[in-house]
Amino acid sequence: MPTVDRVLPGETDAVIDIPAIPAVPAIPDLPDDPDDGAEPEPRISVIVPALNEAQNLPHVFARLPQVDEIVLVDGGSTDDTVAVARRLRPDIRVVRQNRKGKGNALACGFAEATGDIIVMIDADGSTDPMEIPRFVEALREGADFAKGSRFRPNGGSADITRLRRAGNKCLSMLVNVMFRTRYSDLCYGYNAFWAHCLDVFDLDSTSPAPDNADGRLWGDGFEIETLLNLRAARADLKITEVASFEHNRIHGVSNLNALTDGVRVLRTIAREWRPRQAGGRRVAERQAR
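Residues numbered from 1 in each chain as written. Predicted model: local features only at pLDDT ≥ 70, side-chain atom pairs only at ≥ 80, totals over all residues. Heavy atoms only, no water.

1. Focus on the overall build of the protein
1) Next: If you tally the helices and strands in the protein, you get eight helices and ten strands.
2) Next: Across the 289 residues of the protein, 49% fall into the buried class.
3) Next: Counting contacts in the protein only where the partners sit at least 6 residues apart, residues at least 24 apart contribute 82% of the total.
4) Next: If you sum the accessible surface of the protein, you get close to 14,300 Å²; carbon and sulfur atoms cover 50% of it. (Helix = DSSP H or I, 4+ residues; strand = E, 2+ residues; numbered from the N terminus. Buried < 20%, exposed > 50% of the residue type's maximum accessible area, 1.4 Å probe, protein only. Contact = heavy atoms within 4.5 Å. Areas by Shrake-Rupley, 256 points an atom, 1.4 Å probe, with all protein chains shown as cover.)

2. What to know about the nonpolar core
1) Next: One finds Val46, Phe61 and Val119 to be the most contacted residues of the largest nonpolar core, which totals 56 residues.
2) Next: Ignoring sequence-local partners within four residues, the contact set of Phe61 consists of Ile70, Leu72, Ala85, Leu88, Arg89 and Ile92.
3) Next: Judged by nonpolar contacts, the second largest core, of nine residues, contains Phe179, Tyr183, Leu186 and Ala233. (Core = buried A, V, L, I, M, F, W, Y, C linked by side-chain atoms within 4.5 Å.)

3. Structural notes on helix H5 (residues 162-179)
1) Next: The end-to-end C-alpha separation of H5 is 25 Å, in line with the 26 Å expected for 18 residues at 1.5 Å each.
2) Next: Every buried residue belonging to H5 is among Asn168, Leu171, Ser172, Val175 and Phe179, and all of these are buried. Along the axis of H5, the buried residues cluster in a sector spanning 110 degrees; they form a single face. For H5, the exposed residues lying more than 90 degrees away from the buried face are Arg162, Leu163, Lys169, Cys170, Met173 and Val177.
3) Next: Looking at the residues trailing H5, positive phi occurs at Arg180, about 55 degrees. (Expected span 1.5 Å × (residues − 1). Arc of directions from axis to C-beta.)

4. What about helix H4 (residues 132-140)?
Note that an α-helix has 3.6 residues per turn; residues three or four places apart therefore point the same way.
1) Next: Where H4 is concerned, the buried positions are Ile132, Pro133, Phe135, Val136, Ala138 and Leu139.
2) Next: Those residues of H4 that are buried are in contact with strand E2 (44-50), strand E5 (117-120), strand E6 (145-149), strand E8 (191-194) and strand E9 (239-243).
3) Next: The positive-phi residue at the C-terminal boundary of H4 is Gly142, with phi of around 125 degrees.

5. Notes on the confidence of the model for the protein
1) Next: Residue-level pLDDT values for the protein average 84, and 79% of them are 70 or greater.
2) Next: Contacts of residues 3-24 to residues separated by more than four positions or lying in other chains number 46 contacts, the stretch itself having pLDDT below 50.
3) Next: Low pLDDT (under 50) marks residues 30-34, which in the prediction has ten contacts with non-local residues, meaning those over four places away or in another chain. (pLDDT = per-residue confidence, 0-100.)

6. Structural notes on the side chain of Ser244
1) Next: Positionally, Ser244 belongs in the loop between E9 and strand E10 (245-246).
2) Next: Exposure remark for Ser244: the relative accessible area of 0% places this residue in the buried category.
3) Next: Leaving out residues up to four positions away in the same chain, Ser244 has contacts with Glu131, Arg134, Ser149, Arg150, Gly155, Gly156, Tyr188 and Tyr190.

7. Brief notes about the pattern of salt bridges
1) Next: Evaluation of the coordinates by the stated rule reveals 18 salt bridges.
2) Next: We note a salt bridge from Arg93 to Glu112, for which the minimum N-O separation is 3.4 Å. Taken together, the residues Arg93 in strand E4 (residues 93-96) and Glu112 in helix H3 (residues 102-112) connect sequence positions 19 residues apart.
3) Next: Accessibility expressed as a relative area gives 8% for Arg93, which makes it buried.
4) Next: Measuring nitrogen to oxygen at the nearest pair gives 2.8 Å for the salt bridge that ties Arg264 to Glu223. Here Arg264, found in helix H8 (residues 258-272), pairs with Glu223, found in the loop between helix H6 (198-201) and helix H7 (224-234); they are 41 residues apart in sequence, far enough to count as distant.
5) Next: A single network of salt bridges, built from pairs that share partners, joins Glu53, Asp124 and Arg249. (Salt bridge = Lys/Arg side-chain N within 4 Å of Asp/Glu carboxyl O.)

8. Here's the deal with the packing of aromatic side chains
1) Next: This structure, assessed with the given rule, holds five aromatic pairs.
2) Next: A centroid spacing of 5.2 Å and a plane angle of 90 degrees characterise the contact between Phe110 and Phe193, whose relative ring orientation is edge-to-face. Of this pair, Phe110 sits in helix H3 while Phe193 is found in strand E8, placing the two residues 83 residues apart along the sequence. When sorted by exposure, Phe110 lands in the same class as Phe193, which is buried.
3) Next: The interplanar angle of 70 degrees and the centroid separation of 5.1 Å between the aromatic rings of Phe193 and Phe201 together place this pair among those described as edge-to-face.
4) Next: The class of Phe193 is buried, set by a relative accessible area of 0%.
5) Next: Classification of Phe201 by relative accessible area gives buried; the value is 0%.
6) Next: Note that Lys147 overlies the ring of Tyr183, its terminal NZ or CZ placed 5.1 Å from the centroid. (Phe/Tyr/Trp six-rings, centres within 6.5 Å; stacked < 30°, edge-to-face > 60°. Lys NZ or Arg CZ within 6 Å of the ring centre and 35° of its normal.)

Below, the structure is given as structure tokens:
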């Protein structure tokens, strides 16, 4: 089971250079006067899976708009990731994942989030936190699941290779035929959704690591991005794509492998596909927002 550390100021003497904080777009407030009939403002939780990202966190956190909760999920970092995160954001919550892989990190973070809206970003600087208001706006306008896309107008990528772009396009076309979706970018991990949709994803955040070669359950790896997209489609959630620009990783080297992770995505598609029931289904008794 993941463990949570409540953060206390001054727990570390780590020395870091914090970049200048840019002008960050605010997430528009909603009126919260109970007498005017307006909906209350939703609380926003941001989940940040991290493994040895101490050098990148200052840049990422400097670009975060105002949110209600930041949950950093540490994958067993051997650098100062946790200490730097605590120094930068004394209010941060730190979760230690119980298995391996990005998918397990996200599952552990989702389980600990307390917000009404959950946003997932990367700790390496590739996903821009300043785009969070776009995702929140899409949810407020009626979407259940706001899915980032690098291939929508005003989106893009400074990181994706020709091989990964071609593979992503082919996989997206395959899913669109099999699941009757209109995804333009299947394999991208910048998403946001209402917390009451968590049951749809059915992620395991409590089981111990299995006794196999990599110590991961299915969904614990980079296939998590495809898994979320497919289960959202199968549940007939209202999905809106949000244009997003993917930046280069600031420091370090990605653990993504185009070949092996592409095979895992294909296996995910095969495992998740089954004929949809007539009319599909929505999240049972969607909570009022």
